[in-house]
Amino acid sequence: MRFDVITLFPEMVKAASRYGVTGKAIDNGVVRLETWNPRDYTHDKHRTVDDRPYGGGPGMVMKYQPLFDAVSEAKENGFGDRAKVVYLSPQGRPITQSLLNESVHCEQLILVAGRYEGIDERFIETVCDEEWSLGDYVISGGELAALIVVDGVSRLLPGVLGDENSALQDSHMDGLLDYPHFTRPENIEGRVVPEVLLSGNHADIERWRLKQALGRTWQRRPELLKNKQLSDVEYELLQEFIVELV
Ligand SMILES: CN1CCN(C(=O)c2nonc2N)CC1
């Protein structure tokens, strides 16, 4: 899978993607990451990528042409019109696990990281296929959002996480919060590891973990359960969790 990030700060993107899962995926060739700087596609001596907003108001807006040419180059260098062009902005579709899951099937994701107040709307309308959002808050640029997409999708690709981790993508856990994790020592100032995790009984451990995931989701993010059709077993486990609370 190929990611192309359109960014005024390519070094920021390259540096952050050199570590961990993403870095490993790039090193072993499962992922290719390229960056394209709109400033390299300007034609004036000041290498202008932004201009004042029509209608007045604060800040600057990124110009259409440098962005267009940068995306065109990324497409020509990659999979052409088979690439999906995504603009990262608060106006976009929330970046959720299901969105990341869908995205593993893309051959090439061109991620447009805006800066300043935003980018010319005509670029979004004519060049971008989708708009995605980290959440209902404003950050200084789209690069961090692009890096989250690169990380979140890369870890889903075959061969990136070891088999011992791929279980994390178990269908049970989809749409649920994670269960609690513990490691040595067994006792930290009197707070001990749940007995079941020391039992070596994998069926009991898996049952406990699913119950914890269901219970924590019910407690902390009940709205997530609205979208999840619980099986009879899952429903019973959640009931068990709730009863144990009282
Ligand atoms: C122009 N620039 C404004 C700030 N920005 C975001 O706040 C953002 N990006 O993705 N999810 C978000 N939320 C990126 C784009």
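Scoring rules and cut-offs
Residues numbered from 1 in each chain as written. Predicted model: local features only at pLDDT ≥ 70, side-chain atom pairs only at ≥ 80, totals over all residues. Heavy atoms only, no water. Helix = DSSP H or I, 4+ residues; strand = E, 2+ residues; numbered from the N terminus. Buried < 20%, exposed > 50% of the residue type's maximum accessible area, 1.4 Å probe, protein only. Phe/Tyr/Trp six-rings, centres within 6.5 Å; stacked < 30°, edge-to-face > 60°. Pairing = 2+ DSSP bridges. Axes fitted to C-alpha atoms, helices over the stretch in contact; angles between N-to-C directions. Contact = heavy atoms within 4.5 Å. Near = heavy atom within 4 Å. Polar contact = N/O pair within 3.5 Å; in protein donor to acceptor, adjacent residues only side chain to side chain. Areas by Shrake-Rupley, 256 points an atom, 1.4 Å probe, with all protein chains shown as cover. Domains from an automatic or database assignment. UniProt positions renumbered as here; feature names shortened; annotations may be inferred. Core = buried A, V, L, I, M, F, W, Y, C linked by side-chain atoms within 4.5 Å. Salt bridge = Lys/Arg side-chain N within 4 Å of Asp/Glu carboxyl O.

Participant: Could you give an account of unusual backbone geometry, with specific residues and numbers?
Facilitator: Between R184 and P185 the backbone carries a cis peptide bond, its omega angle lying at 5°. Position of P185 relative to the elements: it lies in the loop between α7 (163-166) and β8 (187-188). With a phi angle near 60°, Y116 is a residue other than glycine that sits in the positive phi range. Position of Y116 among the secondary structure elements: in the loop between β6 (108-113) and α5 (121-126). One non-glycine residue with positive phi stands out, namely E189, at about 50°. By secondary structure assignment, the location of E189 is in the loop between β8 and β9 (191-192). Residue class for E189 comes out exposed when judged on its relative accessible area of 80%.

Participant: Before we move on, could you go through the packing of aromatic side chains and cite the residues and values that matter?
Facilitator: A full pass over the atoms with the stated rule returns two aromatic pairs. Between Y64 and F123 the ring centres are 6.1 Å apart and the planes differ by 80°, which places this aromatic pair in the edge-to-face class. Within this pair, whereas Y64 is found in helix α3 (residues 64-77), its partner F123 is found in helix α5, the two being separated by 59 residues in sequence. Classification of Y64 as partly exposed rests on a relative accessible area of 30%.

Participant: How would you summarise the sheet that holds β6 if you had to cite specific residues and measurements?
Facilitator: Sheets are built from strands paired through backbone hydrogen bonds, the pairs being either parallel or antiparallel. Taking strand neighbours across the sheet as the criterion, the five strands line up as β2-β1-β6-β5-β7 in an open arrangement whose pairing is parallel. This sheet does not close on itself; its edge strands, each paired only once, are β2 (32-36) and β7 (130-133). Ignoring strand direction, the axes of neighbouring strands in this sheet form an average angle of 35°. Pairing of strand β5 (residues 84-94) with β7 involves five bridges; the strand directions are parallel. The partner of Y87 across the bridge, within β7, is E131. Its contacts with the sheet put α3 on β1 (2-6), β2, β5 and β6, and the angle it makes with β1 is roughly 165°.

Participant: With reference to specific residues and values, describe the site of the ligand.
Facilitator: In the region of the ligand, 17 residues are neighbours, and L134, G135, Y137, V138 and I139 sit closest. Residue Y137 places a main-chain N or O atom 2.8 Å away from a nitrogen atom belonging to the ligand. Contact with the protein chains covers 96% of the free accessible surface of the ligand, which is 360 Å². Counting residues per element, the shell around the ligand draws most heavily on β5, which supplies four residues.

Participant: Any details on the domain arrangement of the chain? Residues and values, ideally.
Facilitator: The accessible area lost on association of the parts is a frequent measure of interface size. Considered domain by domain, the chain is made up of domain 1 (1-154) and domain 2 (185-243). Computed from C-alpha atoms alone, the centre-to-centre distance between domain 1 and domain 2 is 38 Å.

Participant: Give me the UniProt feature "binding site: S-adenosyl-L-methionine" (unreviewed entry) in the chain: which residues, what numbers.
Facilitator: The residues that UniProt annotates with the feature "binding site: S-adenosyl-L-methionine" (unreviewed entry) are G114, L134, G135, D136, Y137, V138 and I139. Along the chain, the position of L134 falls in the loop between β7 and α6 (143-154). Filtering out sequence-adjacent residues up to four positions away, L134 remains in contact with I95, I139, A145 and I148. Residue placement: G135 occurs in the loop between β7 and α6. Given a relative accessible area of 18%, G135 falls into the buried group.

Participant: Hey, could you go over the nonpolar core for me, with residue numbers and the actual values?
Facilitator: Within the largest apolar cluster, 26 residues are counted, with the highest numbers of intra-cluster contacts made by F3, L88, L109, L111 and W132. Contributing elements (two or more residues each) for this core: β1, β5, α4 (97-103), β6 and α6. Sort the elements by how many residues they give to this core and α6 lands first, with six residues. Excluding residues that lie within four positions of it along the chain, W132 makes contacts with K84, V86, Y87, L88, S89, G92, R93, I95, L99, S103, L109 and V149. I6, Y41, V85 and C128 belong to the second-largest nonpolar core, a separate cluster that totals 20 residues.

Participant: For the pattern of salt bridges, give the residues involved together with the corresponding values.
Facilitator: Tallying each qualifying case throughout the model produces 14 salt bridges. A salt bridge links K14 to E11; the nearest nitrogen and oxygen atoms lie 3.8 Å apart. Note that K14 and E11 are positioned in helix α1 (residues 10-16) at a spacing of three residues, about one turn of the helix. For K14, a relative accessible area of 38% corresponds to the partly exposed category.

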